[in-house]
Amino acid sequence: MTNSLEAQLLELREEGEKAIARADTLERLEELRVSYLGKKGQLGALLRSMGQLSAEERPKFGAIANTVKEALQNSLDQQRAVLEGAKIQAQLDAETLDVTMPGIYRPQGRVHPLNGIIDKALDIFVGLGYTVAQGPEMETDYYNFEALNTPPDHPARDMQDTFYLPDGNLLRTHTSSVQIRYMETEEPPIRVVAPGRVYRRDNVDATHSAVFHQIELLAIDEGLTFTDLKGTIKIFLQAMFGDLPIRFRASYFPFTEPSAEVDLQWNGRWLEVMGCGMVDPNVLKAVGYDPELYTGFAAGFGVERFAMVLHQIDDIRRLYASDLRFLQQF
Ligand code: DAH
């Protein structure tokens, strides 16, 4: 009896050690631990049959049982270490980053030259205390012409033929319409700059486009004079183009009186770069301002024109062609 219980113990150990060494997952290892060393496990069952033994035999059996338990526990610990190591290694292998693989090419974007000019101009005016405003591209005759002192029979309308919509509205010919919209909702003092797209019924060629961009500028206050206009324009053009000679040339716009065009000396030639003037009293009256109390100045310029001068672009159509060979130069 003694021998057979002892033999069973040793057999349990041998069989257990083999099974543990073959366990290939941590789950399987846990099953084996429960099966051999668990409360209802096989070693426990053998220990419970110790009752059959004589008092002298028990200590010896107990001692062997302990060595078997330790041996099995050792095997379990060893195999657990092996399996855990393998698991970590598998994870590392799976997550390995091959830094020699070719990357994903993401082409770098650039600011379009027109947006570059708009950004720069707005920055300068914001620095001078101006607010940026916008208005709709589809306008009424009133905002685009009438309120700007240009009644229906006015000859100046011929200079700005545009696209009329079936309902009588039109695509704005200039950003000057934003002057009226802004003054209608705000009270003086006003310092506002308005960028946007404008439309003309022009034949498209190297210097004309049916759609282009303008930036409008308006200041209304008590006591503003032509010198304020000149100083503001000078500072703006200097910041934009550098310190070049400029001149003011008398001109005509229905919404300003007096009016002027500004020329800039660029590569030895006088280039016309913007229109401007003192806001006509009729314009102030149209928005309900008292022309005896307030005066102001306004100016407008074409963004394409600025871009073409600054970047020496010979054909306006290049600005709209989305040709990367052209755009990548900026
Ligand atoms: N609106 C004019 C145009 O499109 C430009 C202009 C001239 C705007 C004089 C102004 C100004 O504000 O005072 O040609």
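If you're wondering where the values come from, they're calculated on a predicted model, not measured in any experiment.

A few words on the side chain of H154. Position of H154 among the secondary structure elements: in the loop between α6 (141-144) and β3 (170-171). What makes H154 buried here is its relative accessible area of 17%. Only 3.2 Å separates the side chain of H154 from the side chain of Y252, close enough to count as a polar contact. In this structure, H154 is in contact with N149, Y252 and P254, ignoring residues within four places of it in sequence.

With respect to spatial proximity, 16 residues lie near the ligand, and among them H174, S176, R200, Q214 and E216 are the closest. Between an oxygen atom of the ligand and a side-chain N or O atom of R200, the distance comes to 2.9 Å. Expressed as a share of its isolated accessible area of 360 Å², the protein-covered part of the ligand is 91%. Those elements giving two or more residues to the shell around the ligand turn out to be β5 (211-221), β8 (269-279) and β9 (295-302). In the shell around the ligand, the residues fall into five nonpolar, nine polar and two charged.

Quick look at the side chain of T256 now. Following the sequence through the fold, T256 ends up in strand β7 (residues 256-266). At 2.6 Å, the side chain of T256 forms a polar contact with the side chain of S259. Residue contacts for T256: discarding those within four places in its chain leaves C276, G277, M278, V279, D280 and A298.

What follows deals with empty space enclosed by the protein. According to the stated counting rule, one finds three cavities of 30 Å³ or more in the structure shown. Of the voids in this model, the largest cavity is the one considered here, and its volume is about 80 Å³. Looking at side-chain class alone, the lining of the largest cavity contains seven nonpolar, four polar and one charged residues.

Another point: the layout of surface pockets. Taken as a whole, the largest pocket holds about 1100 Å³ of empty space. Around the largest pocket sit 39 residues that line it, and F212, Q214, E272, G302 and R305 are the ones nearest its centre. Listing elements by their share of the lining of the largest pocket, those giving two or more residues are β5, β6 (246-253), β7, β8, β9 and α10 (303-311). When residues of the lining of the largest pocket are assigned to their parent elements, the largest contribution, eight residues, is made by β8. As a volume, the second largest pocket reaches approximately 200 Å³. Every residue lining the second largest pocket is listed: Y105, P107, Q108, G109, R110, V111, H112, P113, L324, L327 and Q328.

Another point: the pattern of salt bridges. A side chain of one charge can pair with a side chain of the opposite charge if their charged atoms are brought near each other. Taken as a whole, this structure holds 18 salt bridges when the rule is applied. Note that R157 and D141 form a salt bridge whose closest N and O atoms lie 2.7 Å from each other. Of this pair, R157 sits in the loop between α6 and β3 while D141 sits in helix α6; the two residues are 16 residues apart in sequence, bridging distant segments of the chain. Exposure remark for R157: the relative accessible area of 12% places this residue in the buried category. In this structure, R325 engages D323 in a salt bridge whose closest nitrogen and oxygen atoms are separated by 2.8 Å. Put simply, R247, R249, E261, D263 and E272 are held in one network by salt bridges that share partners.

This paragraph deals with helix α2 (residues 26-37). Between its first and last C-alpha atoms α2 spans 16 Å; for twelve residues at 1.5 Å apiece the expected length is 16 Å, and the two agree. Along α2, the residues that are buried comprise L29, L32, Y36 and L37. What you see down the axis of α2 is that its buried residues fit within an arc of 90 degrees, all on one side.

Let us now look at the packing of helix α5 (residues 113-127) against α10. At a closest axis distance of 9 Å, the pairing of α5 and α10 adopts a crossing angle of 105 degrees. Judged by the inter-axis angle, α5 sits roughly perpendicular to α10. Two secondary-structure elements touch here, α5 through P113, L114, I117 and I118 and α10 through V303, E304, F306, A307, L310 and H311. Per-class residue counts for the contact of α5 with α10 are eight nonpolar, one polar and one charged.

Let us now look at the nonpolar core. Ranked by size, the top nonpolar core spans 41 residues in total, and within it I233, F236, L237, M274 and F306 carry the most contacts. Elements supplying a minimum of two residues to this core: α5, β5, α8 (226-241), β7, β8, β9, α10 and α11 (324-327). Among residues more than four places away in sequence, those in contact with L237 are G242, I246, V262, V273, M274 and F306. Judged by nonpolar contacts, the second largest core, of 22 residues, contains V178, A194, I220 and V279.

About the criteria used
Residues numbered from 1 in each chain as written. Predicted model: local features only at pLDDT ≥ 70, side-chain atom pairs only at ≥ 80, totals over all residues. Heavy atoms only, no water. Helix = DSSP H or I, 4+ residues; strand = E, 2+ residues; numbered from the N terminus. Buried < 20%, exposed > 50% of the residue type's maximum accessible area, 1.4 Å probe, protein only. Polar contact = N/O pair within 3.5 Å; in protein donor to acceptor, adjacent residues only side chain to side chain. Contact = heavy atoms within 4.5 Å. Near = heavy atom within 4 Å. Areas by Shrake-Rupley, 256 points an atom, 1.4 Å probe, with all protein chains shown as cover. Nonpolar A, V, L, I, M, F, W, Y, C, P; charged D, E, K, R; others polar. 1 Å grid on protein atoms, 1.4 Å probe; cavity = no way out; pocket = protein on both sides within 12 Å on 5 of 7 lines; lining within 4 Å. Points joined across faces, edges and corners; volume = space filled by probe spheres on them. Salt bridge = Lys/Arg side-chain N within 4 Å of Asp/Glu carboxyl O. Expected span 1.5 Å × (residues − 1). Arc of directions from axis to C-beta. Axes fitted to C-alpha atoms, helices over the stretch in contact; angles between N-to-C directions. Parallel < 35°, antiparallel > 145°, perpendicular 65-115°, else oblique. Core = buried A, V, L, I, M, F, W, Y, C linked by side-chain atoms within 4.5 Å.

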